Amino acid sequence: MQSRRKDTEPKLAKRVALVTGGTGGLGTAICHALADEGASVIVGFNQSADAAHTLADVLTSNSHQHHAALAAPVTNSAALLTLADEINKRYRRLDILVNCAGITRFVPHSDLDGLDDALIDDIFATNVRGPFAATRALRPLLAKNSAGLIVNISSIAAVSAMGSNVMYCASKAALDNMTKSLARALAPHIRVVSVSPGLVDTDFVKSLDISWRHEQVARTPLARLAAPAEVAQAVIAAATHFTFSTGSIFAVDGGRQLA
Ligand SMILES: NC(=O)c1ccc[n+]([C@@H]2O[C@H](COP(=O)([O-])OP(=O)(O)OC[C@H]3O[C@@H](n4cnc5c(N)ncnc54)[C@H](OP(=O)(O)O)[C@@H]3O)[C@@H](O)[C@H]2O)c1
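These remarks concern the structure in this document. Quick caveat, the model's predicted, so the values are computed rather than measured.

Reading guide: rules and limits
Residues numbered from 1 in each chain as written. Predicted model: local features only at pLDDT ≥ 70, side-chain atom pairs only at ≥ 80, totals over all residues. Near = placed C-beta within 6 Å. Helix = DSSP H or I, 4+ residues; strand = E, 2+ residues; numbered from the N terminus. Buried ≥ 20, exposed ≤ 12 C-beta atoms within 10 Å, placed from the backbone. Pairing = 2+ DSSP bridges. Right-handed = clockwise from strand over helix to strand, strands pointing away. Expected span 1.5 Å × (residues − 1). Contact = placed C-beta atoms within 7 Å. Axes fitted to C-alpha atoms, helices over the stretch in contact; angles between N-to-C directions. Parallel < 35°, antiparallel > 145°, perpendicular 65-115°, else oblique. Left-handed = near helix turned anticlockwise from the far one by under 90°.

## A word on the site of the ligand
Piece 1. With respect to spatial proximity, 28 residues lie near the ligand, and among them G21, G24, N46, A101 and G102 are the closest.
Piece 2. Secondary structure elements with two or more residues in the shell around the ligand: helix 1 (25-36) and helix 7 (203-206).
Piece 3. A per-element tally of the shell around the ligand places helix 1 first, with 3 residues.

## Overview of the pairing of strand 2 (residues 40-45)
Piece 1. Here strand 2 lies mainly inside the structure; 6 of its 6 residues are buried.
Piece 2. Residues S40, I42 and G44 of strand 2 are buried on one face, and the alternating residues V41, V43 and F45, pointing to the opposite face, are buried as well.
Piece 3. Where strand 1 (residues 16-20) and strand 2 come together, 4 bridges link them in parallel fashion. Residue pairing across strands places V16 opposite S40, the latter belonging to strand 2.
Piece 4. Bridge count for strand 2 against strand 3 (residues 68-71) is 4 bridges, and the pairing is parallel. For G44, the partnering residue across the bridge sits in strand 3 and is L70.
Piece 5. Crossover strand 2 to strand 3 through helix 2 (residues 49-62) is right-handed.

## Observations concerning helix 6 (residues 166-186)
Piece 1. Over its 21 residues, helix 6 runs 30 Å from end to end, which matches the ideal 30 Å to within 8%, given 1.5 Å per residue.
Piece 2. Among all positions of helix 6, only V166, M167, Y168, C169, S171, K172, L175, M178, T179 and L182 are buried.
Piece 3. Its buried side turned inward, helix 6 meets helix 4 (117-143), strand 5 (148-153), helix 5 (157-160), strand 6 (190-197) and strand 7 (249-252).

## Regarding the packing of helix 1 against helix 9 (residues 228-240)
Piece 1. With their axes 8 Å apart at the nearest point, helix 1 and helix 9 run at an angle of 50° to one another. In terms of axis orientation, helix 1 runs oblique to helix 9. The chirality of how helix 1 crosses helix 9 is right-handed. Of the residues in helix 9, those in contact with G25, L26, A29, I30, H32 and A33 of helix 1 are P228, A229, V231, A232, Q233, V235 and I236.

## Points about the sheet that holds strand 5
Within a sheet, each strand pairs with its neighbour through backbone hydrogen bonds, oriented either parallel or antiparallel.
Piece 1. The 7 strands are arranged 3-2-1-4-5-6-7 in an open sheet whose pairing can be described as parallel. Edge positions in the open sheet fall to strand 3 and strand 7, since each of these has one partner strand only. Averaged over neighbouring strand pairs, the angle between their axes works out to 20° when direction is ignored.
Piece 2. As judged from the 6 bridges shared by strand 5 and strand 6, these two strands associate in the parallel manner. Directly across from I153, in strand 6, lies its bridge partner V195.
Piece 3. Across the sheet, helix 3 (residues 77-91) touches strand 1, strand 2 and strand 3, and the angle it forms with strand 3 is around 155°.
Piece 4. Those strands touched by helix 6 are strand 5, strand 6 and strand 7, and its axis lies near 165° from that of strand 6.

Here it is, written out as structure tokens:
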């Protein structure tokens, strides 16, 4: 049997991708994976401007695309419109938006008083209103070439209701719901999917209690945590292989929901 011709051009050549929360544990891996596939990557930041510029420099030193670091504070809708103008000025297009920015804090689910209103509002403003506001601001650019993609980084906490606190779980459930509404509303020019990790082996997770981490691994059928690069590969797959999927929730959880 004749072997299939290998594509020489990277799969995401000439595409432009924005990753909000681009310097976080998962965001960094996603930026690297997108750049490796040939995309020009915009590392979106809120407070970590220096880290974002450093990451954009590293990506630039490893590839020929035009990477950049730009402010993408997802709770500031006016700033997101400025970001859209800047992307249009620099690139004239945006093909992929990865809504990766997110916050949480550990509060035991039974400690209702520990989850105060300010924290609840922060979680929802960042994890739910944020991806919506980014989508709203960047929709015209994403729709321009009729093949836009939005990847919302969710969590299996949306379904399992197990996670850092009750409202974090609820915020990810809201995000998955929004993925479906927006997939319907923005079709056929923009696809919208969620990538939904279980626990990922980021620096933040490494800093948590080791016996708790071992317990999580023991409850995961594939018997380990996800590597950030594995979550990033799900984002790449959504862009390159799952081209007829929209409104889908892709779990990257080692079967954790089965246990
Ligand atoms: N780590 C896990 O095990 C895990 C599991 C499931 C799902 N997730 C989800 O994956 C995403 C990334 O998680 P992570 O572990 O990589 O988190 P992380 O390392 O704590 O990074 C969080 C990122 O969010 C950004 N951010 C926070 N508030 C923002 C705002 N108002 N505007 C714009 N950016 C903001 C931060 O940017 P600055 O530093 O610039 O402020 C930072 O880059 C989150 O949505 C999280 O819920 C993570």
